[in-house]
Amino acid sequence: MGTRSAKLDVAVTNGRKGLLALKSIAKDEILIDLNGEDALPSPTRRSLQIGDGKHVVGREETVGYLNHGCEPNAFLDFSCLCVRALKDIRAGEEVKVNYAATEYEMHDSFRCDCGSPACLRMIRGFKFLTRDQQRKLRPYLAPYLLRRLDGEV
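Enquirer: What am I meant to see in the sheet that holds strand β2 (residues 8–13) here?
Expert: Sheet strands pair by backbone hydrogen bonding; their relative direction is either parallel or antiparallel. Strand order in the open sheet formed by 4 strands is β2-β3-β11-β8, and the pairing between neighbours is mixed. The strands lining the two open edges of the sheet, one partner per strand, are β2 and β8 (67–68). Where β8 and strand β11 (residues 94–97) come together, 2 bridges link them in parallel fashion. By the bridge assignment, His-68 is partnered in β11 with Val-97.

Enquirer: Looking at this model, I keep getting lost on the pairing of strand β9 (residues 74–77). Mind explaining?
Expert: On a regular strand, one side chain projects to one face of the sheet and the next to the other, so that they alternate. The two faces of β9 match: Ala-74 and Leu-76 on one face and Phe-75 and Asp-77 on the other face are all buried. Taken together, the 4 bridges between β9 and strand β10 (residues 82–85) define a ladder with antiparallel strand orientation. Residue Ala-74 lies in a different strand from β10, and its bridge partner there is Ala-85. Joining the antiparallel neighbours β9 and β10 is a turn of 4 residues, in which Leu-81 adopts a positive phi near 50°.

Enquirer: Would you mind going over the sheet that holds strand β5 (residues 39–40) with me for this structure?
Expert: Overall, antiparallel pairing links the 3 strands, which are arranged β5-β7-β6 in an open sheet. Looking at which strands have only one partner, the edges of the open sheet turn out to be β5 and β6 (48–51). Note that β5 and strand β7 (residues 54–56) share 2 bridges and pair antiparallel. Residue pairing for β7: Leu-40 is matched across the bridge by His-55.

Enquirer: Looking at this structure, I do not really get the nonpolar core. What am I missing?
Expert: One broad trend across soluble globular proteins is that nonpolar side chains are buried collectively. In terms of nonpolar packing, the biggest core is built from 39 residues, with Leu-31, Ile-32, Leu-34 and Val-83 touching the most fellow members. If near-sequence neighbours (up to four positions away) are discounted, Ile-32 is found in contact with Thr-3, Arg-4, Leu-8, Leu-19, Thr-62, Val-63, Leu-66, Leu-81, Cys-82 and Val-83.

Enquirer: Got a minute to help me understand the state of the cysteines in this structure?
Expert: A covalent bond between the sulfur atoms of two cysteines is referred to as a disulfide. Evaluated as defined, the whole model comprises 1 disulfide. At a sulfur-sulfur separation of 1.9 Å, the disulfide partner of Cys-80 is Cys-82. Judged by relative accessible area, which is 1%, Cys-82 ranks as buried. Unpaired in terms of disulfides, Cys-112 finds its nearest cysteine sulfur in Cys-114, a separation of 3.6 Å.

Enquirer: How do you make sense of the pairing of β6 when you look at a structure like this?
Expert: Direction of pairing for β6 relative to β7: antiparallel, over a ladder of 3 bridges. If you follow Leu-48 over to β7, its bridge partner there is Val-56. The hairpin formed by β6 and β7 contains 2 residues between the paired strands, and Gly-53 there has a positive phi angle of roughly 65°.

Enquirer: Is there a simple way to think about the packing of aromatic side chains in this case?
Expert: When we look at a pair of aromatic rings, we describe it by the centre distance and by the angle of the planes. One pass over the structure, following the stated rule, counts 3 aromatic pairs. Ring geometry for Phe-78 versus Tyr-144: centroids 6.0 Å apart, planes at 85°, classification edge-to-face. Taken together, the positions of Phe-78 in the loop between β9 and β10 and Tyr-144 in helix α2 (residues 143–149) put the pair 66 residues apart, joining distant regions of the chain. Using a relative accessible area of 23% as the deciding quantity, one classes Phe-78 as partly exposed. Taking the relative accessible area as the measure of exposure, Tyr-144 reaches 2% and is therefore buried. Each ring, one from Tyr-99 and one from Phe-110, has its centre 6.0 Å from the other, and the planes form 85°; the classification is edge-to-face. Of the two residues, Tyr-99 is situated in the loop between β11 and β12 (110–111) and Phe-110 in strand β12; the sequence distance between them amounts to 11 residues.

The rules we used
- Residues numbered from 1 in each chain as written.
- Predicted model: local features only at pLDDT ≥ 70, side-chain atom pairs only at ≥ 80, totals over all residues.
- Heavy atoms only, no water.
- Pairing = 2+ DSSP bridges.
- Helix = DSSP H or I, 4+ residues; strand = E, 2+ residues; numbered from the N terminus.
- Buried < 20%, exposed > 50% of the residue type's maximum accessible area, 1.4 Å probe, protein only.
- Core = buried A, V, L, I, M, F, W, Y, C linked by side-chain atoms within 4.5 Å.
- Contact = heavy atoms within 4.5 Å.
- Disulfide = S-S within 2.5 Å.
- Phe/Tyr/Trp six-rings, centres within 6.5 Å; stacked < 30°, edge-to-face > 60°.

This is the structure in structure tokens:
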């Protein structure tokens, strides 16, 4: 069963639950290990997609409160099936991934209010991005989305 780093905890931020760094986290540090997690064939509101027709159950102890950010500080690393720090994360900072880099089609779409110049505005999944938006996510794309981008699907 997957585990979450002791450096993270669930807390309310901006009116919703999210994963906050309790201590400073170094770039490339593993934050959540998803190995051994139960998988579902379709998305739920709290799941995280890890393959075509494969979604990790969004438990509170792992990715259940891992929120979206258009300019994330973490990403889903498929070489270890883990969430890894994309850059140094300060204590008190919320840990976020870009859902469009993992989710082909979201269970529930939502309006993003991250305030980033790179904000996608409406988060519906990779399927709904323009080709240019998809290409910009290339370094962090899940393998099954990378195949779609490259026209192999």
